[in-house]
Amino acid sequence: RERFDFGGRDVASWFPGHMAKGLRQMRASLRRADCLIECTIILLSGSHIPLSGRNPVLQEVLGIRPHVLVLNKMDLADPHRKPVSARAGLAGGPQVTVSSCCQPRCKQQLQSFSHVSLQIVPLVAKLVDASPRYQRAESTEYSILVIGVPNVGKSSLINSLRRLHLKKGKATAVGGEPGVTKAVLTRIQVCEKPLMYLVDTPGVLPPRLEDVETGMKLALCGAIRDHLVGEDIMADYLLYTLNKQQQFGYVQRYGLAEACDAIEPVLRRVALARGRTQKVKVLTGTGNVNVTTLDYPAAAYEFLRDFRAGRLGRVTLD
């Protein structure tokens, strides 16, 4: 397919309000913050903003405070498309660092994760020390606000830094879907020297996305709840994107003979491979009969979950 037909879908219907409460809480917390860490995901890019995974409303709230942009989930991004990270560090913009805050799965990944995460605390301390602290000039500790759209790893980043610097377990809940963090939380210590506290915040989306395709990319990365968009259309768009970028890892994973342009053969194979079936009643001349059929919505969810876990290869949505 040369283009994807969104069927006239309205992206505004995907958003549960404009999340004004979370923004009000963040503005109140800004008075006590020395620096901002904005988490985003390298999976998304746009032509008008450095990363479409960033919320322009949050950028307006940033004000004059030092700002660190953490490109999270880098282990899932296509290494051949990494130049998108360079566009984030424009002149006069935020300091940029990369991270992968999932639990390291091997020794090599653990070493890489530790090396990257160790850069964040010194970078934040350097930026804060080089900027005016106004009413917090006499304070010796650092208070950092962690912001971003839903499900980009804000809580995971806090827990990872706490585990790395304090050798302590997680202090804030994490999850694989948006909306786990409901409100601005209390300060969480992540480092002793320097004494640094991070504040977790709820993910906030823009009031409206005019671009349906950007909204679909956000949904694929888990920033919007699946059922609001529809797992079927999301799976179809994902297949379209994988084929467009010649990312055919799904062919081998699901045992397909070749790449497919239509989503139905892929979901049929996923359902068979994962045993996703359902029983439905069929009315016949002799009464109701239970018939086992393939569960296509469950197969679509499996397809999306494999993508988000990196099991279909390292993919950048641009």
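All values derive from a computational prediction rather than experimental measurement. (Residues numbered from 1 in each chain as written. Predicted model: local features only at pLDDT ≥ 70, side-chain atom pairs only at ≥ 80, totals over all residues. Heavy atoms only, no water.)

Turning our eyes to something else, we now look at the UniProt feature "binding site: GTP" (unreviewed entry) in the protein chain. UniProt marks N72, K73, M74, D75, N151, V152, G153, K154, S155, S156 and G203 with the feature "binding site: GTP" (unreviewed entry), using the numbering shown here. Inspection of the secondary structure assignment puts V152 in the loop between β4 (142-147) and α6 (154-166). You can call V152 buried: its relative accessible area is 0%. (UniProt positions renumbered as here; feature names shortened; annotations may be inferred. Helix = DSSP H or I, 4+ residues; strand = E, 2+ residues; numbered from the N terminus. Buried < 20%, exposed > 50% of the residue type's maximum accessible area, 1.4 Å probe, protein only.)

Attention now goes to unusual backbone geometry. Negative phi characterises most residues that are not glycine, and trans characterises most peptide bonds. Cis peptide bonds are those with omega within 30 degrees of zero, and the linkage from K193 to P194 qualifies with 0°. Its location among the elements puts P194 in the loop between β5 (187-191) and β6 (196-199). Phi at K167 is positive, roughly 60°, even though this residue is not glycine. Here K167 shows up in the loop between α6 and β5. Non-glycine residue Q246 carries a positive phi angle of around 55°. Of note, Q246 is situated in the loop between α9 (231-244) and α10 (249-253). The exposure class of Q246 is exposed, given its relative accessible area of 62%.

A cluster of nonpolar side chains, contributed by V280, V282, V289 and V291, occupies part of the molecular surface with about 230 Å² of accessible area. Mapped onto the nonpolar patch, the elements with two or more residues apiece are β7 (277-284) and β8 (287-294). On the secondary structure map, V282 appears in strand β7. (Patch = residues over 30% accessible without salt bridge, like charges linked within 9 Å, V, L, I, M, F, W, Y side chains within 5 Å. Areas by Shrake-Rupley, 256 points an atom, 1.4 Å probe, with all protein chains shown as cover. Salt bridge = Lys/Arg side-chain N within 4 Å of Asp/Glu carboxyl O.)

With that settled, the discussion passes to the side chain of T201. Tracing the sequence through the fold places T201 in the loop between β6 and α7 (212-220). You can call T201 buried: its relative accessible area is 0%. A distance of 2.6 Å separates a polar atom in the side chain of T201 from the backbone oxygen of V146. (Polar contact = N/O pair within 3.5 Å; in protein donor to acceptor, adjacent residues only side chain to side chain.)

Another point: the nonpolar core. Counting 65 residues, the largest nonpolar core has I37, V124, M196, L198, Y250, V266 and F303 as the members making the most contacts within it. The leading source of residues in this core is α9, at 8 residues. Two domains each donate at least three residues to this core, and these are domain 1 (11-200) and domain 2 (230-309). Not counting the four nearest positions on each side in its chain, Y250 is found in contact with L239, L242, N243, L256, A259, C260, V266, F303 and L312. Counting 11 residues, the second largest nonpolar core, distinct from the first, contains L30, L36, V199 and V204. (Core = buried A, V, L, I, M, F, W, Y, C linked by side-chain atoms within 4.5 Å. Domains from an automatic or database assignment. Contact = heavy atoms within 4.5 Å.)

Once that is clear, we can look at the confidence of the model for the protein chain. Averaged over all residues, the pLDDT of the protein chain is 76; the fraction at 70 or higher stands at 70%. Mean pLDDT per element in the protein chain: helix α3 (residues 83-88) is the minimum at 43, and α9 is the maximum at 95. In this model, residues 83-92 is a region of pLDDT below 50 whose contacts with residues beyond four sequence positions or in other chains number 18 contacts. Every residue in residues 102-110 is under pLDDT 50, and counting partners more than four places away or in other chains gives 9 contacts. (pLDDT = per-residue confidence, 0-100.)

For the rest of this paragraph, the subject is helix α12 (residues 296-308). Taking 1.5 Å of rise per residue, the 13 residues of α12 would be expected to cover 18 Å, and the 18 Å separating its terminal C-alpha atoms lies within 8% of that figure. Among the residues making up α12, those that are buried are A299, A300, E302, F303, L304, D306 and F307. Taken together, the buried residues of α12 touch α7, α8 (226-229), α9, α10 and α11 (263-274). Its side-chain oxygen at 3.3 Å from the backbone nitrogen of A298, D295 defines the N-terminal cap of α12. Once α12 finishes, G310 follows within two positions and takes phi at roughly 80°, a positive value. (Expected span 1.5 Å × (residues − 1).)

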